[in-house]
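# Summary of the model geometry
Here are the chains, one letter per residue:
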Amino acid sequence: MDPGAHSHIRGLGLDDRLEPRANSQGMVGQAKARKAAGMILKMVQEGRIAGRAMLFAGPPSTGKTAIALGMAQTLGPDVPFTMIAASEVFSLSMSKTEALTQAFRRSIGVRIKEETEIIEGEVVEMQIDRSLTGATKTGKLTIKTTDMETIYDLGTKMIDALAKEKVTAGDVISIDKTSGKVSKLGRSFARSRDYDAMGADTKFVQCPEGEIQKRREVVHTVSLHEIDVINSRTQGFLALFAGDTGEIKPELRNQINQKVAEWREEGKAEIIPGVLFIDEVHMLDIECFSFLNRALENELSPLVIMASNRGMARIRGTKVNSPHGLPVDLLDRVLIVSTRPYDSEDVQEIIKIRCEEEDVTLNEAALQVLTQMALETTLRYALNIISTAQVLARKRKSDKVETDDLKRSYSYFMDEKRSVQWLKEQQGALMFEEIGAEGDNDTMDQS
Ligand SMILES: Nc1ncnc2c1ncn2[C@@H]1O[C@H](COP(=O)(O)OP(=O)(O)OP(=O)(O)O)[C@@H](O)[C@H]1O
Ligand SMILES: [Mg+2]
């Protein structure tokens, strides 16, 4: 997957009634599929989709991956969205089902509510005593609200934290008692006469009322997978940053599920089913498909979105042909959304959007030629040619891409059809993979 090729996609481009706008958020055309995607997202946001699955089916370069990414951007930061290409499942250093399990659990959010104790008030005075060597510091911090005033003893760590935030008398601050984190909320209004000394970007706030020590509820969302990793003793949470998590024991996952169920019952946690996108899903094999079938039955399941550009194709690991390369029992529970080839107007709009995104200028003739190329090869090929043509234009010291630059790019880089033709002509001169067993897989035709 190449996220760069989709960098112009910023959403699905729908209005409030889920009607597709002609050209919005980087999206053009493919109206029905975008609308269907929008409807499904609405169900996700209402929490009504766990255990559902949908499939984008259509020829190559018709926007299946683009629409899935548009969905991800619409979901908002709190709803997990995981994207994998089916082939990754085979290349990771773990079993296929473990890789899929991790992908599933990455796609389920747990919103956890915690109470923390904070100290909040206006700093009246800060007094710091250094030891002779300067290595240790002690001090006293006087804090007030409109109703009370308290003096706290400070240790070296706290003094450093306050110094880092450049806290001085007159600041309104908040200190998280468990983590020791200091945040500066602003300058007290009582000090507004210091304005000139503080600079124009100073934020003034009221001195807080009531108690200095307060309990506050904080909410954060993590994925089930993150909880798994953090709790697996062999891994530790550093594994989250290394990205190399290895296999996680099923017993541990059971324990975590139980714990999360308890939290839910106590009202401490809420499950947020997210979205798992499996691109090029026909690359999965029969074992993976039966895993998917079972996993979708699970109470803790995300929405699974799949994409395939295959028509009738052999299910990997079997001798059976089936629509889109998916077994019928899986297909049966899937909402299928089809994408269609673009007409020349849509293609031209998409080319224009990509040129803008890549900061490339085409002259009018070149735009027409490139549109024609896209219709005769694929949209993706035409979009790839944009940047190579720009390199050629720059070489002749022009900042505009002309027809000639496109023609030369076209002669340097083959599209799929010409590449197949060329391979046929070279018969015997190249090493061939054995075709036949897998060879009955056919991509859906573009026309
Ligand atoms: N409706 C659209 N609006 C804007 N850009 C699009 C649209 N459809 C496709 N594109 C862009 O065209 C290129 C090809 O589309 P995409 O990769 O989504 O096709 P696909 O259907 O996933 O193809 P494949 O089956 O080969 O994976 C991408 O750069 C994509 O961002
Ligand atoms: Mg794709």
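Residues numbered from 1 in each chain as written. Chains lettered and ligands numbered in written order. Predicted model: local features only at pLDDT ≥ 70, side-chain atom pairs only at ≥ 80, totals over all residues. Heavy atoms only, no water.

- Under an unreviewed UniProt entry, the name given to the chain is RuvB-like helicase, and the source organism is Phanerochaete carnosa.
- Quoted verbatim from the Subcellular location (unreviewed entry) field of the UniProt record, the comment on the chain reads "Nucleus". (UniProt positions renumbered as here; feature names shortened; annotations may be inferred.)

### A word on the site of ligand 1
- Surveying the vicinity of ligand 1 reveals 21 residues, the closest of which are Val28, Ser61, Lys64, Thr65 and Tyr342.
- Lysine 64 places a polar side-chain atom, nitrogen or oxygen, 2.7 Å from an oxygen atom of ligand 1.
- Alanine 66 places a polar main-chain atom, nitrogen or oxygen, 2.9 Å from an oxygen atom of ligand 1.
- Out of a free accessible area of 630 Å², ligand 1 has 96% covered by protein chains.
- Counting only elements with at least two residues in the shell around ligand 1, the list comes to strand 2 (27-28), helix 2 (64-75) and helix 14 (379-395).
- Taken together, the residues that form the shell around ligand 1 break down as 11 nonpolar, eight polar and two charged.
- Both of domain 1 (3-107 + 274-338) and domain 3 (344-421) provide at least three residues apiece to the shell around ligand 1. (Near = heavy atom within 4 Å. Polar contact = N/O pair within 3.5 Å; in protein donor to acceptor, adjacent residues only side chain to side chain. Areas by Shrake-Rupley, 256 points an atom, 1.4 Å probe, with all protein chains shown as cover. Helix = DSSP H or I, 4+ residues; strand = E, 2+ residues; numbered from the N terminus. Nonpolar A, V, L, I, M, F, W, Y, C, P; charged D, E, K, R; others polar. Domains from an automatic or database assignment.)

### Examining the packing of helix 1 (residues 31-45) against helix 2
- Viewed as axis vectors pointing N to C, helix 1 and helix 2 meet at an angle of 35°, and their least axial separation amounts to 10 Å. Seen from above, helix 1 lies across helix 2 with right-handed handedness. Contacts between helix 1 and helix 2 involve Ala33, Arg34, Ala37, Ile40, Leu41, Val44 and Gln45 from the first element and Ile67, Met71, Thr74 and Leu75 from the second.
- Tallied by class, the residues present in the contact of helix 1 with helix 2 amount to eight nonpolar, two polar and one charged. (Axes fitted to C-alpha atoms, helices over the stretch in contact; angles between N-to-C directions. Left-handed = near helix turned anticlockwise from the far one by under 90°. Contact = heavy atoms within 4.5 Å.)

### Considering the packing of aromatic side chains
- One pass over the full model with this rule turns up four aromatic pairs.
- For the ring pair phenylalanine 189 and phenylalanine 204, a centre distance of 6.1 Å and an interplane angle of 25° mean the geometry is stacked. With phenylalanine 189 in the loop between strand 9 (182-188) and helix 6 (195-198) and phenylalanine 204 in strand 10 (residues 204-205), this pair connects stretches of sequence that are 15 residues apart.
- When its relative accessible area of 40% is taken as the criterion, phenylalanine 189 is described as partly exposed.
- When the ring of tyrosine 381 is compared with that of tyrosine 410, the centres are 6.2 Å apart and the planes differ by 80°; the resulting orientation is edge-to-face. One end of the pair, tyrosine 381, is in helix 14; the other, tyrosine 410, is in helix 15 (residues 403-412), and 29 residues separate them in sequence.
- In this arrangement the basic side chain of arginine 316 is found over the ring face of phenylalanine 90, its NZ or CZ atom lying 5.1 Å from the centre.
- The lysine or arginine in question, arginine 418, covers the ring of tyrosine 410, its NZ or CZ lying 3.5 Å from the ring centre. (Phe/Tyr/Trp six-rings, centres within 6.5 Å; stacked < 30°, edge-to-face > 60°. Buried < 20%, exposed > 50% of the residue type's maximum accessible area, 1.4 Å probe, protein only. Lys NZ or Arg CZ within 6 Å of the ring centre and 35° of its normal.)

### Quick look at a nonpolar patch on the surface
- Together, Met414, Trp422 and Leu423 make up a nonpolar patch on the protein surface, roughly 250 Å² of accessible area in all.
- Locating tryptophan 422 in the fold gives a position in helix 16 (residues 416-425).
- For tryptophan 422, a relative accessible area of 35% gives the class partly exposed. (Patch = residues over 30% accessible without salt bridge, like charges linked within 9 Å, V, L, I, M, F, W, Y side chains within 5 Å. Salt bridge = Lys/Arg side-chain N within 4 Å of Asp/Glu carboxyl O.)

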